[in-house]
Amino acid sequence: MNLNLSLIGAIHSMACVYAMLVGGMVIFADKGGALHRSRGKRYMIALLLVNLTALGIYTTKGFSMFHWMALACLLCLFIAFAAVRWRRPKPWLRIHLSAILLSYYMLWGGAINEVFLRVEFLHALGNKTWLALSHSFVLLIAFLAIAYFWGKTSKPIITLSALAHEQKPLQLYMERK
């Protein structure tokens, strides 16, 4: 395993691990309480550090696709923060959840890239198929999580209480042939 890191690379890597842990706690624990807000703030600060340090890491190629991904992740973080802070527009909770989950996906996507770059036997494959499959799997999990949380935040079309308040009783008919 090649861990030849600069100081900024080491800070970036430690912030990534911390953001993955805190982000997991944010996503998988109860939502809306003081503990969720505290962890969310820690995740936001860690992800800011991750992406700002990512913008400072250069190879001989200069500004690359990974820098654009860091900017996209910062945009997701800003959208998530703005939605929960000002509770606008109307589906602010879904916007917040989607943006946080996409930022968490990008964090894991960066980790996948690093593993395939730094672990010799994966890097030696030279074939991008396993890298693409890994990203596809993590992206699928992210989209399933977004769908799950959207389902949890939706209101049912007909509630039992609405049926109970109707004037006439609900009657179901079955035709015989």
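Here the structure is shown first, and the text comes after it.
In this text the structure is predicted, and so the values were computed from the model without any measurement. (Residues numbered from 1 in each chain as written. Predicted model: local features only at pLDDT ≥ 70, side-chain atom pairs only at ≥ 80, totals over all residues. Heavy atoms only, no water.)

Here's the deal with the packing of helix H2 (residues 34-55) against helix H4 (residues 92-118)
Look at H2 against H4: their axes get within 12 Å of each other, and the N-to-C directions meet at 45°. Between H2 and H4, the angle falls in the class oblique. The two elements H2 and H4 meet at a crossing, and its hand is left-handed. Within the contact between the two elements, H2 uses Tyr43, Leu47 and Val50 and H4 uses Ile100, Ser103, Tyr104 and Leu107. (Axes fitted to C-alpha atoms, helices over the stretch in contact; angles between N-to-C directions. Helix = DSSP H or I, 4+ residues; strand = E, 2+ residues; numbered from the N terminus. Parallel < 35°, antiparallel > 145°, perpendicular 65-115°, else oblique. Left-handed = near helix turned anticlockwise from the far one by under 90°. Contact = heavy atoms within 4.5 Å.)

Notes on helix H1 (residues 7-28)
The end-to-end C-alpha distance of H1 is 32 Å, a good match for the 32 Å that 22 residues give at a rise of 1.5 Å each. The secondary structure elements touched by the buried residues of H1 are H2, H4 and helix H6 (129-153). (Expected span 1.5 Å × (residues − 1).)

Quick word on a nonpolar patch on the surface
On the surface, Leu7, Ile11, Met14 and Leu49 cluster together to form a nonpolar patch covering roughly 410 Å² of accessible area. At three residues, H1 tops the list of elements feeding residues into the nonpolar patch. Residue position: Leu49 is located in helix H2. Judged by its relative accessible area of 39%, Leu49 is partly exposed. (Patch = residues over 30% accessible without salt bridge, like charges linked within 9 Å, V, L, I, M, F, W, Y side chains within 5 Å. Areas by Shrake-Rupley, 256 points an atom, 1.4 Å probe, with all protein chains shown as cover. Salt bridge = Lys/Arg side-chain N within 4 Å of Asp/Glu carboxyl O. Buried < 20%, exposed > 50% of the residue type's maximum accessible area, 1.4 Å probe, protein only.)

Observations concerning unusual backbone geometry
In this chain, Arg88 is followed by Pro89 through a cis amide linkage whose omega measures -15°. Turning to its location among the elements, Pro89 is positioned in the loop between helix H3 (65-86) and H4. Of note in the backbone geometry, Arg87 takes a positive phi value of approximately 50° without being a glycine. With respect to the helices and strands, Arg87 occurs in the loop between H3 and H4.

Considerations on the nonpolar core
If you look at the biggest cluster of nonpolar residues, it comprises 33 residues, and the most contacted ones within it are Ala19, Tyr43, Leu47, Val50, Leu101 and Leu107. Per-element accounting of this core gives the leading share, ten residues, to H4. Those residues in contact with Tyr43 that sit more than four places away from it in its chain are Ala19, Val22, Gly23, Val26, Ile100, Ser103, Tyr104 and Leu107. (Core = buried A, V, L, I, M, F, W, Y, C linked by side-chain atoms within 4.5 Å.)

With respect to the environment of Asn51
Position of Asn51 among the secondary structure elements: in helix H2. Look at Asn51 and you get buried, because its relative accessible area is 5%. The sequence separation of Asn51 and His67 amounts to 16 residues, and the corresponding C-alpha distance is 8.4 Å. Among the polar contacts made by the side chain of Asn51, one reaches the main-chain carbonyl oxygen of Leu47 at a distance of 2.8 Å. (Polar contact = N/O pair within 3.5 Å; in protein donor to acceptor, adjacent residues only side chain to side chain.)

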